[in-house]
Amino acid sequence: MSEQAPPPPPPTPDGETGTSETGAGDTTMTGPLAGLRVLDASTILAGPLCCQLLGDFGAEVIKIEHPQHGDSMRGHGESKNGIPLWWKEVSRNKRTLGLSLSTPDGAEVFRRLAATADVVVENFRPGTLERWGLGPDVLAELNPGLVLVRLTGFGQTGPYSARAGFGTLAEAMSGFAHLTGPADGPPTLPAFGLADSICGIAASSAVLMALRHRDATGEGQTVDLSILEPIMTAVGPSPTVYQQLGVIGQRHGNQSTNNAPRNTYLTKDGKWVAVSTSAQRIAERVMELVGHPEVITEPWFAAGSTRVEHAEELDGYVGSWIADRSREDVLAAFSDAGAAVAAVYDARDVVEDPHIRETEMLLEVPDPDLGSVLQHNVMFRLSKSPGRIRFTGRSLGADTADILHEIGYSDREVSSLRESDVIK
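Calculation notes
Residues numbered from 1 in each chain as written. Predicted model: local features only at pLDDT ≥ 70, side-chain atom pairs only at ≥ 80, totals over all residues. Heavy atoms only, no water. Helix = DSSP H or I, 4+ residues; strand = E, 2+ residues; numbered from the N terminus. Buried < 20%, exposed > 50% of the residue type's maximum accessible area, 1.4 Å probe, protein only. Contact = heavy atoms within 4.5 Å. Areas by Shrake-Rupley, 256 points an atom, 1.4 Å probe, with all protein chains shown as cover. Lys, Arg positive; Asp, Glu negative; His and termini not counted. Charge placed at Lys NZ, Arg CZ, Asp CG, Glu CD. Disulfide = S-S within 2.5 Å. Axes fitted to C-alpha atoms, helices over the stretch in contact; angles between N-to-C directions. Parallel < 35°, antiparallel > 145°, perpendicular 65-115°, else oblique. Left-handed = near helix turned anticlockwise from the far one by under 90°. Nonpolar A, V, L, I, M, F, W, Y, C, P; charged D, E, K, R; others polar. Pairing = 2+ DSSP bridges. Polar contact = N/O pair within 3.5 Å; in protein donor to acceptor, adjacent residues only side chain to side chain.

A. Representation of the overall build of the protein within the structure. Along the backbone of the protein there are 18 helices and 13 strands. By principal-axis analysis of the C-alpha atoms, the protein measures approximately 85 × 50 × 40 Å. When each of the 424 residues of the protein is scored for burial, the buried share is 45%. Considering only residue pairs separated by 6 or more positions, the protein has 69% of its internal contacts joining residues 24 or more positions apart. For the protein, the accessible area works out to roughly 20,700 Å², and carbon and sulfur atoms hold 53% of it. Positive and negative side-chain charges of the protein, numbering 35 and 55 respectively, have mean locations separated by a distance of 3 Å.

B. Geometry of the state of the cysteines. In the structure shown here, the tally under the stated rule is zero disulfides. Counting only cysteine sulfurs, Cys 51 is the nearest neighbor of Cys 50, a cysteine outside any disulfide, at a range of 4.9 Å. For Cys 50, a relative accessible area of 0% gives the class buried. The structure places no disulfide on Cys 199, whose sulfur is separated from the nearest cysteine sulfur, that of Cys 50, by 8.4 Å.

C. Layout of the packing of helix α11 (residues 280-289) against helix α14 (residues 327-337). It is at 10 Å that the axes of α11 and α14 come closest, and there the two elements cross at 125 degrees. Between α11 and α14, the angle falls in the class oblique. Between α11 and α14 lies a crossing whose hand is right-handed. Contacts from Arg 285, Val 286 and Leu 289 in α11 reach Ala 333, Phe 334 and Ala 337 in α14. For the contact of α11 with α14, the per-class residue count stands at five nonpolar, no polar and one charged.

D. Examining the sheet that holds strand β9 (residues 263-266) more closely. Pairing is antiparallel across the open sheet formed by three strands, whose spatial order is β9-β10-β11. The open sheet has two edge strands with one neighbour each: β9 and β11 (341-343). Taking the axes of each pair of neighbouring strands and ignoring which way they run, one obtains an average angle of 30 degrees across the sheet. Strand direction decides the pairing type here: β9 and strand β10 (residues 272-275), joined by four bridges, are antiparallel. Note on β10: the bridge partner recorded for Asn 263 is Val 275.

E. Expanded view of unusual backbone geometry. In this structure, the amide linkage connecting Ala 260 to the following residue, Pro 261, adopts the cis form with an omega of -5 degrees. For Pro 261, the position within the fold is in the loop between α10 (238-245) and β9. Located in the positive-phi region is Ile 44, a residue other than glycine, with phi close to 65 degrees. Of note, the phi angle at Glu 360 is positive, near 60 degrees, even though the residue is not glycine. Mapped onto the elements of the fold, Glu 360 is located in the loop between α16 (354-358) and β12 (362-367).

F. Structural view of the side chain of Asp 118. Mapped onto the elements of the fold, Asp 118 is located in the loop between α3 (104-114) and β6 (119-122). Engagement of the side chain of Asp 118 in a polar contact is seen with the backbone nitrogen of Arg 37, the distance being 2.8 Å. Excluding residues within four positions of it along the chain, Asp 118 makes contact with Gly 35, Leu 36, Arg 37, Gly 145, Leu 146, Val 147, Leu 211 and Arg 214.

G. Geometry of the sheet that holds strand β5 (residues 94-98). Within the open sheet, the six strands sit side by side as β5-β2-β1-β6-β7-β8. Their pairing is parallel. Each edge of the sheet is formed by a strand with only one pairing partner; in this case those strands are β5 and β8 (221-226). Each neighbouring strand pair of the sheet contributes to a mean axis angle of 20 degrees, computed without reference to strand direction. In this sheet, strand β2 (residues 60-65) lies alongside strand β1 (residues 37-41) in parallel orientation, the contact comprising four bridges. Pairing of Leu 39 across the sheet is with Ile 62, part of β2. α3 rests against β1, β2, β5 and β6 of the sheet, and its axis sits at about 150 degrees to β1.

In C-alpha cells, the structure reads:
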C-alpha cells in the first residue's frame, strides 16, 4: 500500500472548468462537444480515456459494460471501502449501461443505440464486432455518419492483428523499454499505463478529425488505431536514425543523448532534483552557478551534442554542488540564476505544489460515495468553450433503464432483458 497522508484540498473553482453542481451529478451537457453522443464500448484504459476526454468537453458518453463482469478497469488501482478510485476519474461524465453484446438481443440494443450515436469506441480483438453482427458495414448502413474508432494492440490488419495487445507490449516493441533505464541494467517498463494513455489522447484527436470530415461531407468512417503507433511516435526518430546511419540507440539512464548536464541529482537532505540544459544559455548558467565557469569556454561546450561526450565530468560538477545543499536551497539558487531545475515529485508533492493548486490542475469533485474526490482537471483550458467535470464514475448499470427508454424500449421489454441477463 502507498503511504497515506491527508492532502490539503485544492481550491474549488466557480467557473465552467470545474466540478459538478451536485454530488449526484449534473447531466447538463455544455462545451464544444455538446450534442454529440459517444458509445464507449471499450475496456481498460486507452478507449475509456479517449471517451473521458470527449465527455469532459460536453459529449454525452454512454459507457457500455458486460452486465455481470463490468469493465476490468473497475479493478485497476487502489480502492477505498471497495470503491475503485481510478474508475471515479476515467469514467466521469459517462452514463453506464450494462449490456451483453454477444447475445442477439444485446446486439440489437447496440444497433439501435449506434443508430443514434455520433461516435463508437471499441477495443475488441479484430473480427469480434463482425462476429456479433456489429461490424463497420452494418453500423454504417444504420448510421452513415457514424465514426467508429477501433483501438487494438496492433491494428485491424497485419500479421500481429489477432494477438492480444496491451500497453506493456507496446512499450516493449516501440523501443521505449530498450532506451529506458541505466546502461548496465535491464530494459525498463513504466510503472503506469504510458502507451495506453498516449493512445487514448491520440484517439480523441482522431475522433475530432473524423467528425470534422463528417461535418464537411456527411460521411462517417472507421478509425484504425493501434496502441503501438502513438508511443512509437513519442519515442522519437530512432527508426530514421537507424535507416540513415545504422545507429541503434542505447540506454543512458537519466542522461540525454542530446545535451548535458541532464540528470537527476541527490540533495543533502535526501531529496532528488532534475536538471535540464536543452538551451545553450541555460547550460552556461548551470555551470556558472555550480562554480565551474571555465568549462564554458571549451570548444566542446558550444553544443549539446558535444557536451554529451563530457557528460560524466559535467554530472560530477553539478552533482557534487547539489549534494552539499538542501533541496529548498538548490531550487532557490537555480531559480535566482535563471537555470532549469525541478524537484522529483511523489504524489504528496504533486498535491501540495502551489503552482498545481493555483492553476487548478487538480480539483475536488463532489462524489455520492466518497463525499469528495481529488481528480485531474480537464486536460485542456479553452477560453471560450471550456470543459468541466459534471459527475464522477458511476456504478455498473446505473443508467441502463433510462438509456433504453430513450431509444424506445418499454418497461416490460427492459424487465425482460434484465431477467435474461442481457442487461443490468
